[in-house]
Amino acid sequence: MTRELTIPRPDDWHLHLRDGAMLQAVLPETARHFGRAIIMPNLVPPVVTGDQAAAYRDRILAALPDGMAFEPLMTLYLTEDTDPEDVAAAHASGLVKAVKLYPAGATTNSASGVRDFDKVRPVLEKMAEIGLPLCTHGEVTDHDIDIFDREAVFIDRVLDPIRKATPGLRVVMEHITTKNAAEYVASQDKDLGATITTHHLIINRNHILVGGIKPHYYCLPVAKREEHRLALRAAATSGDVRYFLGTDSAPHTDPNKESACGCAGCFTATNTMSLLAHVFEEEGALDKLAGFASEHGPAFYGLPVNAEAMTLTKGDAPVAFPEKIETGDGPVTVFDPGFDVYWSAE
Ligand code: OTD
Ligand code: ZN
Ligand code: ZN
């Protein structure tokens, strides 16, 4: 039985760090384990221009505790007014590693997202030309589309048409939650990748709704039926280079989650690597964890694998994770997988 596993230091290819007091509190939770992360731009107001991304990057680095090493990989929030030349300049300077597409209203702080996809064509064409990836929140927002179907409909109505109209555009389907998405990725070429969160490998929709509503399991895209969770597990543990880790760790304070209108998001930065070791072991795929968490993401983004290593150790007693972390804005509950975990990460 494997008791110890050493992998290259992992990266998180989809992360919410927020700003101010929340940033200060959650950044160490990620930097403790991850070398780099793709930083989501859905602040209020969003990070739209290269200048705003540079300023946000400076705030993240200023919040990093002494002695911790971490590289934030910045993204720009795509709006209908985004200037292709600003995007190109931010990419050329090395600052920005991706542009993020939120259909307007799809998730937390996405009101400035795209309504008319034709309006962003010039930006997408510029991105295809310069090789800058597009990260997509892949859900339609039409009121007549059931929330559990919004990802599958996005693929047919938005994503596939955009990709066909923009040859060479490199796309990451972020936080995929369905068998449909995994099958679409598998059917395409290397210009398409997908991130998978830790929590979508662990929960299905019953976790949210059975035995009382569990706001800390509510996130977007919402967890689907069990068959979808199993398809995600198969994809993540397949060794296929197109799938890589993006935790989508998305902190909200407890009062904002435990509310009549609770915010979407699971906070998994603290225990993600332990949970992934548990999941990959369950799937008999511990040998695929390095690829998923440490190698496939850098390959997609054209970056080197981290030179440092992480060792995961399986102990005899369950690891005790904090139930919450305290932030200047209030407590944030750490994702509870609902089972004991014996793997710790150093
Ligand atoms: N999903 N919550 C948030 C973002 C994501 O779609 C996402 O990327 C958030 O709070 O920023 C969530 O449930
Ligand atoms: Zn999203
Ligand atoms: Zn996210």
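Parameters at a glance
Residues numbered from 1 in each chain as written. Chains lettered and ligands numbered in written order. Predicted model: local features only at pLDDT ≥ 70, side-chain atom pairs only at ≥ 80, totals over all residues. Heavy atoms only, no water. Pairing = 2+ DSSP bridges. Helix = DSSP H or I, 4+ residues; strand = E, 2+ residues; numbered from the N terminus. Axes fitted to C-alpha atoms, helices over the stretch in contact; angles between N-to-C directions. Contact = heavy atoms within 4.5 Å. Salt bridge = Lys/Arg side-chain N within 4 Å of Asp/Glu carboxyl O. Donors = N, O, S within 2.8 Å, 3.2 Å for Na, K, Ca; no water. Tetrahedral: all angles 85-135°; square planar, octahedral: opposite > 155°, others 65-115°. Core = buried A, V, L, I, M, F, W, Y, C linked by side-chain atoms within 4.5 Å. Buried < 20%, exposed > 50% of the residue type's maximum accessible area, 1.4 Å probe, protein only. Right-handed = clockwise from strand over helix to strand, strands pointing away. Near = heavy atom within 4 Å. Polar contact = N/O pair within 3.5 Å; in protein donor to acceptor, adjacent residues only side chain to side chain. Areas by Shrake-Rupley, 256 points an atom, 1.4 Å probe, with all protein chains shown as cover. Nonpolar A, V, L, I, M, F, W, Y, C, P; charged D, E, K, R; others polar.

Chemist: Explain the sheet that holds strand 1 (residues 4-8) to me, please; I cannot follow it from the model alone.
Modeler: Strand-to-strand pairing in sheets goes through backbone hydrogen bonds, with the strands running parallel or antiparallel. Sheet architecture is open: three strands sit in the order 1-10-13, paired in antiparallel fashion. Of all strands in the sheet, those bounded by a partner on one side alone are strand 1 and strand 13 (343-345). Between one strand axis and the next, the sheet turns through 20° on average, direction left out of account. Most of the contacts of helix 10 (residues 272-282) go to strand 13, to which it runs at about 140°, and overall it touches strand 1, strand 10 (309-314) and strand 13. Sheet contacts for helix 11 (residues 289-301): strand 1 and strand 10; angle to strand 1, the most-contacted strand, approximately 25°.

Chemist: Looking at this structure, how should I read the pattern of salt bridges?
Modeler: Opposite charge on two side chains lets them pair, provided their charged atoms get close. Considering all chains together, one arrives at 19 salt bridges under this definition. Lys314 is the salt-bridge partner of Glu281, the closest N and O atoms lying 3.1 Å from each other. Of the two residues, Glu281 is situated in helix 10 and Lys314 in strand 10; the sequence distance between them amounts to 33 residues. Shared partners join several salt bridges into a network, and the residues in it are Glu85, Lys126 and Glu129.

Chemist: Help me understand the coordination of the zinc ion (ligand 3) in this model?
Modeler: For a metal with four donors in a tetrahedral arrangement, the ideal angle between donors is 109.5 degrees, while six donors in an octahedron ideally sit at 90 or 180 degrees. For the zinc ion (ligand 3), the full set of protein donor atoms is His14 (NE2), His16 (NE2) and Asp248 (OD), and the range of their distances to it is 1.9 to 2.0 Å. One can describe the site at the zinc ion (ligand 3) as tetrahedral: its four donor atoms subtend angles covering 92 to 122° at the metal. In primary-sequence terms, the residues that donate to the zinc ion (ligand 3) follow H-x1-H-x231-D. Between the zinc ion (ligand 3) and the zinc ion (ligand 2) the interatomic distance comes to 4.0 Å.

Chemist: Before we go on, may I ask you to explain the nonpolar core in this structure?
Modeler: Soluble globular proteins tend to bury their nonpolar side chains together. Among the nonpolar cores identified, the biggest contains 93 residues, and Leu17, Met173, Met273 and Leu312 are the most heavily contacted of them. Leu17 has contacts with Met22, Leu23, Val26, Leu27, Ile39, Tyr56, Ile60 and Phe70, leaving out every residue within four places of it along the chain. In this structure, Tyr77, Ala98, Phe244 and Phe300 belong to the second largest nonpolar core, which totals 13 residues.

Chemist: Could you clarify how one ought to interpret the environment of Leu303 in this entry?
Modeler: Looking at where Leu303 falls in the secondary structure, it is placed in the loop between helix 11 and strand 10. On the accessibility criterion, Leu303 (22% relative accessible area) is partly exposed. Along the primary structure Leu303 and Ala63 are separated by 240 residues, whereas in three dimensions their C-alpha atoms are 24 Å apart. Beyond its immediate sequence surroundings of up to four residues, Leu303 is in contact with Trp13, Arg36, Leu73, Lys97 and Pro298.

Chemist: Where do I start with the side chain of Asp254 in this structure?
Modeler: Relative to the helices and strands, Asp254 is located in helix 9 (residues 254-257). For Asp254, a relative accessible area of 6% corresponds to the buried category.

Chemist: Looking at this structure, I do not really get the pairing of strand 4 (residues 71-77). What am I missing?
Modeler: Walk down a regular strand and you will see the side chains alternate between the two sheet faces. Of all seven residues making up strand 4, six are buried, and the element is well covered by its neighbours. Sheet analysis places strand 3 (residues 36-39) next to strand 4, joined by four bridges and oriented parallel. Within the sheet, the bridge partner assigned to Ile39 lies in strand 4 and is Met74. With helix 2 (residues 50-63) bridging strand 3 and its parallel neighbour strand 4, the resulting β-α-β unit is right-handed.

Chemist: Explanation requested: the site of ligand 1 in the structure shown.
Modeler: Lining the immediate surroundings of ligand 1 are 15 residues, of which Arg18, Asn42, His137, Leu220 and His252 lie closest. One of the backbone nitrogen or oxygen atoms of Leu220 is found 2.7 Å away from an oxygen atom of ligand 1. A distance of 3.1 Å is found between an oxygen atom of ligand 1 and a backbone nitrogen or oxygen belonging to Gly265. Coverage of ligand 1 by the protein chains reaches 100% of its 330 Å² of free accessible surface. A class-by-class count of the residues in the shell around ligand 1 yields four nonpolar, nine polar and two charged.

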